Amino acid sequence: MSPPPFHQSTCSALFARCSTTDEVYEVLTAYVFSKFSHGTSTWAVFMKIYYLKLYLNGTRQASILLNHYAAFREIEQDIVNGAGQGLGDRPVQSDVGREAWNIARAGIKQPKNKKWGWKGRRTVQPGAGGRGPGGPGGGPAATLRRRSEAEVRADGEAFADILRARRMAGVDECGRVTTPEAFEILTAYVFAKYSAGNQLWHVVKKLYYLRLFMSTNPVGRRVLQDHYEAFRDIEEYIVSGIEGIGDKPIKTVLGREAWNIARSRLNRTTIWPWGKKAVGDIAWDGPGSVASGPARRTYDEVERDGAIFEEILRARRMAGTDGLGVRRPPGYVEPPREPAARSPSFDDHQLTRGISLGSDHGVAPPVTLAQVRRNLALTASDTWVSGTQIQALLELDYPHLSVFNKSAFPPSFAAGVPTGTNSIIDSWYAKRPAGAVQMAVVSGGAAGDPASLGVGWVLASLSESSATTKAAYATVVKQEVGYLLGLPRASTGGAISQRPASEPVQLWADYVYMVPPFLAYQGVVSGNTSLISEAYNQCLSYRAKLYNSNYGLWEHVVLGSWQDIGIWGTGNAWAAAGMARVLATIQHSSYASQFTLQQANLVSWINEILTNAFSHASSDNLLPNYYEIATSGTFYDSSSSALLAATALRMQILGHGVAANTAKALLIRNAVNAKVSSTGWLQNVVDPLSWTVQTNQSPEGEAFVLLLQAAYTDYLASL
């Protein structure tokens, strides 16, 4: 008796006998091998896996995806990485895997073989107990890095949340709709598909196709992330068999326009029950009367679900070893669109454009951002706040000059001179007393804080229109470097004091944001690798002195005549963000190959802070001011939450992020944005000068909001 063809139904039947992820993986490799062996292109095979997932959902085998998603994830990665030619060499250990490979071999069509299929056909042996492809030695795929248990578990849990969210309908009390435009446009889109005679599951597939289409362009990706709750809600309605979507009142201009387009293309001879109901109730300005149906999901559920989906979406496109970056597979083509018979007046392009014009949930509106900028400009009187303001403006307004830009070095002003930051430097220079050796002199101030202005000062020395001004500013930069390197150091480790030479040596976590990024930047610009080394060594020595092994985080202030050995949130944020700037400076410079070990250590130390800090997040996704429960200054602080979230997004963009940290950072970002008042002040923040006191106005907190917005903007562009 000949084996059944290796179609979705055959694969599904084999899955029903699988009890482990390894078995699922072996069946999947055979399935994919059979597709490659028929001459299917790489992207088409990738799409076959999407179709298989849809089929499994439709046949109520979602438990396979739920419990063994790691297998699907890994084979998708191998295909996208171009490793498909070696999958057939891995030894098969299970009975169901051997059966799957025998089915795949029996269906080979030699004239259409691709390399991968040819290799698989030659290495599969019918004898030796039906062991399947290859042997213990394997082929090229044997050297591929397998995902760690933690990565697989995290990925599986994330996908489980997605599947549960799609099946849920009305399990909680009514929450608020955050993206009504997107939801109303989608209901019109889905109604149009029903009215054209599409069956329920075909309509769900249309939504999958729509997502695939949207994920290939920046606007579409933005819509998927910021308005995913609308996609999820509409899927829940469809899967739950609810026929009342068309009865919901239309309240937005975009929604009304979408429904008018959908109505104008009705095919009344092929309308299904849902379409009939809608046709009976639709008025020209939109469908029906007050809606009935299940309760809406709560805001927190929607936020969590959106962040998880954003992770899954990116993971399916990634081409690295840990879910970072975007590299399309060889031979990539745009995902298939809907049949030509569909209405040309209501297509994917039009729908994507329409949603992007609607509400932009989770993004601080331009008016609010302008208020934040103004608040910061009016209150940035301290050197460290002004330095952080410069960094925020560089990342927001002059990203071509930010160290997080791959083309940051050498600095180029072809895309614009940083007039905004230059004006800040001009004002500090005007106040600088004669004979000063620091960039700014503030009575009683910390010795390291003026260095936070350093990157802005270097750029001003290169971009000011006056040659005299350039020379004067360059001199100040050299004086600041000399001053910093001449300060007292800790007796062991070489950590430079944050306080002036007239005071005992004292180390503050804040220092890591102020001094090392400047030293690294000046080192790269001037070609002085000793300064780059010094920047790294300061991060190393400060961590050695401040690291608290009980929390995996840094203490605030040690040594000197007094200490603050508490685990202060903003101190850890300063440290992580400062090291991220040093890392980006080195990584994007021509000296990167000389500092590979240093970069690896920085990555480890930054993620160490982020992971341990995020583990203490509150239920509303804010982080503690002090991480010790018994400390009097323990409250949840929006300020440090903003800077740590920005740092996590920067790490993701740099290619060193942790998926769980990125997902949490997106949730924290939404929580932080919700704390920005109508006057642009970030609420529930720590007083920068009284570390146990909560306040509602913090200049550095305003800078952190801008840094978070800049990081998020770049993060979206990187997807």
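Keep in mind that this is a model prediction, so the values were computed, not measured. (Residues numbered from 1 in each chain as written. Predicted model: local features only at pLDDT ≥ 70, side-chain atom pairs only at ≥ 80, totals over all residues. Heavy atoms only, no water.)

S.K.: Tell me about the overall build of the protein chain, and name the residues and values.
M.R.: Within the protein chain, the secondary structure is distributed over 28 helices and twelve strands. Of all 719 residues assigned to the protein chain, the portion counted as buried reaches 59%. Here the contacts in the protein chain between residues at least 6 apart in sequence split such that 74% fall between residues at least 24 apart. (Helix = DSSP H or I, 4+ residues; strand = E, 2+ residues; numbered from the N terminus. Buried < 20%, exposed > 50% of the residue type's maximum accessible area, 1.4 Å probe, protein only. Contact = heavy atoms within 4.5 Å.)

S.K.: I'd like a description of the packing of aromatic side chains, backed by residues and values.
M.R.: Under the criterion given, the structure shown has 15 aromatic pairs. For the pair Y511 and Y542, a centre-to-centre distance of 4.5 Å together with 0 degrees between the ring planes defines the contact as stacked. Of this pair, Y511 sits in helix α21 (residues 511-514) while Y542 is found in helix α23 (residues 529-546), placing the two residues 31 residues apart along the sequence. Pair check on accessibility: Y511 and Y542 agree, each one buried. On the basis of an interplanar angle of 45 degrees and a centroid distance of 5.8 Å, the ring pair of W568 and W691 is categorised as tilted. One end of the pair, W568, is in the loop between β8 (557-559) and α24 (569-587); the other, W691, is in strand β12 (residues 690-695), with 123 residues separating them in the sequence. Note on accessibility: W568 and W691 belong to one class, buried. The ring of Y547 carries the charged tip of R543 above its face, separated from the ring centre by 4.5 Å. Directly above the aromatic system of Y712 lies the positively charged group of R669, at a separation of 3.3 Å from the ring centroid. (Phe/Tyr/Trp six-rings, centres within 6.5 Å; stacked < 30°, edge-to-face > 60°. Lys NZ or Arg CZ within 6 Å of the ring centre and 35° of its normal.)

S.K.: Tell me about the pairing of β12, and please be specific about residues and values.
M.R.: Here strand β11 (residues 685-687) pairs with β12 via three bridges, running antiparallel. Counted as the bridge partner of V685 is T695 from β12. Counted along the chain from β11 to the antiparallel partner β12, the turn is two residues long. (Pairing = 2+ DSSP bridges.)

S.K.: Give me the lowdown on the side chain of Q391, citing residues and values where you can.
M.R.: The residue Q391 is located in helix α17 (residues 383-397) in this model. In this structure, Q391 is in contact with F404, Y513, R581 and L707, ignoring residues within four places of it in sequence.

S.K.: Outline helix α5 (residues 95-106), listing residues and values.
M.R.: The terminal C-alpha atoms of α5, which comprises twelve residues, lie 17 Å apart, in line with the 16 Å expected from a rise of 1.5 Å per residue. Along α5, the residues that are buried comprise V96, G97, R98, A100, W101, I103 and A104. The distance from a side-chain oxygen at the start of α5 to the backbone nitrogen of G97 is 3.0 Å, and the residue carrying that oxygen is S94. (Expected span 1.5 Å × (residues − 1). Polar contact = N/O pair within 3.5 Å; in protein donor to acceptor, adjacent residues only side chain to side chain.)

S.K.: Let's hear about the state of the cysteines: which residues, and what values?
M.R.: Per the stated rule, a full pass over the model turns up zero disulfides. Looking at C11, it has no disulfide partner, and the nearest cysteine sulfur is the one in C18, 8.3 Å off. Overall, C11 belongs to the buried group, its relative accessible area being 0%. (Disulfide = S-S within 2.5 Å.)

S.K.: Go over the packing of helix α18 (residues 419-431) against helix α20 (residues 467-485), please, and point to the residues and values.
M.R.: Viewed as axis vectors pointing N to C, α18 and α20 meet at an angle of 75 degrees, and their least axial separation amounts to 12 Å. Between α18 and α20, the crossing angle belongs to the class labelled roughly perpendicular. Across from I425, D426 and Y429 in α18, the residues of α20 making contact are A472, Y473 and V476. Along the lines of polarity and charge, the residues of the contact of α18 with α20 split into five nonpolar, no polar and one charged. (Axes fitted to C-alpha atoms, helices over the stretch in contact; angles between N-to-C directions. Parallel < 35°, antiparallel > 145°, perpendicular 65-115°, else oblique. Nonpolar A, V, L, I, M, F, W, Y, C, P; charged D, E, K, R; others polar.)

S.K.: I'd like a description of helix α26 (residues 638-654), backed by residues and values.
M.R.: In a regular helix each residue adds 1.5 Å, so 17 residues correspond to 24 Å; α26 covers 24 Å between its end C-alpha atoms and thus fits that length. The N-cap of α26, judged by a side-chain oxygen 3.1 Å from the amide nitrogen of S639 a few residues on, is D637.

S.K.: Could you give an account of the confidence of the model for the protein chain, with specific residues and numbers?
M.R.: In this model, the protein chain carries an average pLDDT of 74, and 63% of its residues clear a pLDDT of 70 or more. Scored below 50 in pLDDT, residues 162-178 shows 47 contacts in the model against residues more than four places distant or in partner chains. Contacts for the low-pLDDT stretch residues 267-303, under 50 throughout, to residues beyond four places or in other chains number 104 contacts. (pLDDT = per-residue confidence, 0-100.)

S.K.: With reference to specific residues and values, describe the pattern of salt bridges.
M.R.: For side chains bearing opposite charge, pairing can occur when the charged atoms are close. What the rule picks out here adds up to eight salt bridges. R650 is the salt-bridge partner of E395, the closest N and O atoms lying 2.8 Å from each other. Separated by 255 residues along the polypeptide, E395 in helix α17 and R650 in helix α26 bring together distant segments of the chain. Residue classification places E395 among the buried residues on the basis of a relative accessible area of 5%. Sharing partners across several salt bridges, the network here consists of E395, R650 and D714. (Salt bridge = Lys/Arg side-chain N within 4 Å of Asp/Glu carboxyl O.)

S.K.: Hey, could you go over the environment of A535 for me, with residue numbers and the actual values?
M.R.: Position of A535 relative to the elements: it lies in helix α23. Along the chain, A535 and V515 lie 20 residues apart, while their C-alpha atoms are 7.6 Å from each other. Leave out the neighbours within four places in its chain, and A535 touches P516, L519 and A520.

S.K.: Please set out the nonpolar core residue by residue, giving values where relevant.
M.R.: Membership of the largest hydrophobic core comes to 115 residues, with the highest contact counts inside it found for W457, F518, W554, M579, L602 and L644. Among the elements that take part in this core, α24 stands out by supplying eleven residues, more than any other. With residues near it in sequence (within four places) discarded, L644 still touches G569, N572, A573, A576, I609, L610, A613, F614, L623 and Y627. Residues L28, Y69, W101 and A104 belong to the second largest nonpolar core, which totals 30 residues. (Core = buried A, V, L, I, M, F, W, Y, C linked by side-chain atoms within 4.5 Å.)

S.K.: If you had to explain unusual backbone geometry to someone new, which residues and values would you point to?
M.R.: Along the chain, F409 connects to P410 via a cis peptide bond; the corresponding omega equals -10 degrees. One non-glycine residue, N621, adopts positive backbone phi at about 65 degrees. Residue position: N621 is located in the loop between α25 (596-614) and β9 (623-624). Given a relative accessible area of 14%, N621 falls into the buried group.

S.K.: Please set out the environment of A182 residue by residue, giving values where relevant.
M.R.: Relative to the helices and strands, A182 is located in helix α8 (residues 180-195). For the pair formed by A182 and F231, sequence separation is 49 residues and the distance between their alpha carbons is 8.1 Å.

S.K.: So what about the packing of α24 against α25? Which residues, and what values?
M.R.: Interaxial distance between α24 and α25 falls to 9 Å at its minimum, and their mutual angle equals 155 degrees. As far as their axial angle goes, α25 and α24 are roughly antiparallel. Handedness of the α24/α25 crossing: left-handed. Across the interface between the two elements, N572, A575, A576, M579, A580, V582, L583, I586 and Q587 from α24 touch Q599, L602, V603, W605, I606 and I609 from α25. (Left-handed = near helix turned anticlockwise from the far one by under 90°.)

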